[in-house]
Amino acid sequence: MGLLDNKTAIVTGSSRGIGAEVAKILAGEGAAVVVNYRQKAPRANKVVGEIQAAGGHAVAVGADLTTQEGVQALASAAMEEFGSLNVLVLNASGGMESGMEEDYALKLNRDAQINMLNAAVPLMPEGSRVVFVTSHQAHFVETVPTMPEYEPVARSKRAGEDALRELLPHLADKGISLVVVSGDMIEGTVTATLLDRSNPGAIEARRAEAGKLYSVEEFAAEVAKMATADVESGHTEYVGGADYFGRSAF
């Protein structure tokens, strides 16, 4: 028996990296998983194929979360495909990509998170869980300076976290809990690669400060744990290196 037997999970931004690994772990715990991608369908289909090959249930759904149509399509897919929605992992983020409009980071890291939550909540029964994935660089951005190249993204992700926390009373009324997972830089992620490209040596310097950086697989395992962990709503789970940043009020 898995911890998530007969449950359904949506994992945003799960065609690769942390999201893909989280989707596989949740499926391994028995959840039917909606794998979300924005453009790269083959990558998402590969994740679905791996889940199905291991005996799990999953479907790939293309949705741009910065549009209301995308948000609604993703929420609806859980009900149409699997008949329920019990876990929402808000993993999708960005803002360092080239060629995006000026306010893209805020649209994705704050607005899309709230819109996705608002679309999902009416479908989620009492006892459901929302997990928001962020970074220490974003979570602590008000008190600890981050790299200039990353600051706009960090501030937009902190704005997203703050906006989600404002909804805690509304979620409590529905019997739904919210957990934030904050991680240090993660080896091998797109963000780390882009950051190292714009600020050569940044990852190596952070690795030296922290002593160790988590791999994608290691961090994903910590995120997945929070889908079922016995913690209070509003809890922040710190993964790796948080002592360097100091503790916030949460």
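Residues numbered from 1 in each chain as written. Predicted model: local features only at pLDDT ≥ 70, side-chain atom pairs only at ≥ 80, totals over all residues. Heavy atoms only, no water.

Right, let's talk about the environment of Glu 232 for a bit. Looking at where Glu 232 falls in the secondary structure, it is placed in the loop between helix H10 (216-225) and strand E7 (236-239). Note on Glu 232: relative accessible area 68%, which makes it exposed. Sequence spacing of Glu 232 and Val 22 is 210 residues, and the spatial spacing of their C-alpha atoms is 21 Å. (Helix = DSSP H or I, 4+ residues; strand = E, 2+ residues; numbered from the N terminus. Buried < 20%, exposed > 50% of the residue type's maximum accessible area, 1.4 Å probe, protein only.)

Okay, the nonpolar core next. Core analysis: the biggest nonpolar cluster contains 34 residues, and Val 22, Leu 26, Val 33, Val 35, Val 89, Phe 219 and Val 223 have the highest contact counts within it. Going through the elements one at a time, strand E1 (8-11), helix H1 (17-28), strand E2 (32-37), helix H2 (41-53), strand E4 (87-90), strand E5 (129-135), strand E6 (177-183) and H10 are the ones with two or more residues in this core. The element that contributes the greatest number of residues to this core is H1, accounting for six residues. Residues contacting Phe 219, with those up to four places away along its chain left out, are Ile 18, Val 133, Thr 134, Val 181, Ser 182, Gly 183, Ile 186, Tyr 214 and Val 239. With 33 residues, the next largest nonpolar core counts Leu 88, Leu 108, Val 130 and Leu 171 among its residues. (Core = buried A, V, L, I, M, F, W, Y, C linked by side-chain atoms within 4.5 Å. Contact = heavy atoms within 4.5 Å.)

This part covers the side chain of Ser 156. Structurally, Ser 156 is set in helix H6 (residues 151-165). For Ser 156, a relative accessible area of 2% gives the class buried. A polar contact of 2.8 Å, which involves the side chain of Ser 156, links it to the side chain of Asn 109. Here the side chain of Ser 156 touches Val 153 through a polar contact of 2.7 Å, landing on its backbone oxygen. Once residues lying within four places of it in the same chain are set aside, the contact partners of Ser 156 are Ala 105, Leu 106, Asn 109 and Arg 110. (Polar contact = N/O pair within 3.5 Å; in protein donor to acceptor, adjacent residues only side chain to side chain.)

Distances and angles like these do not, on their own, reveal function.
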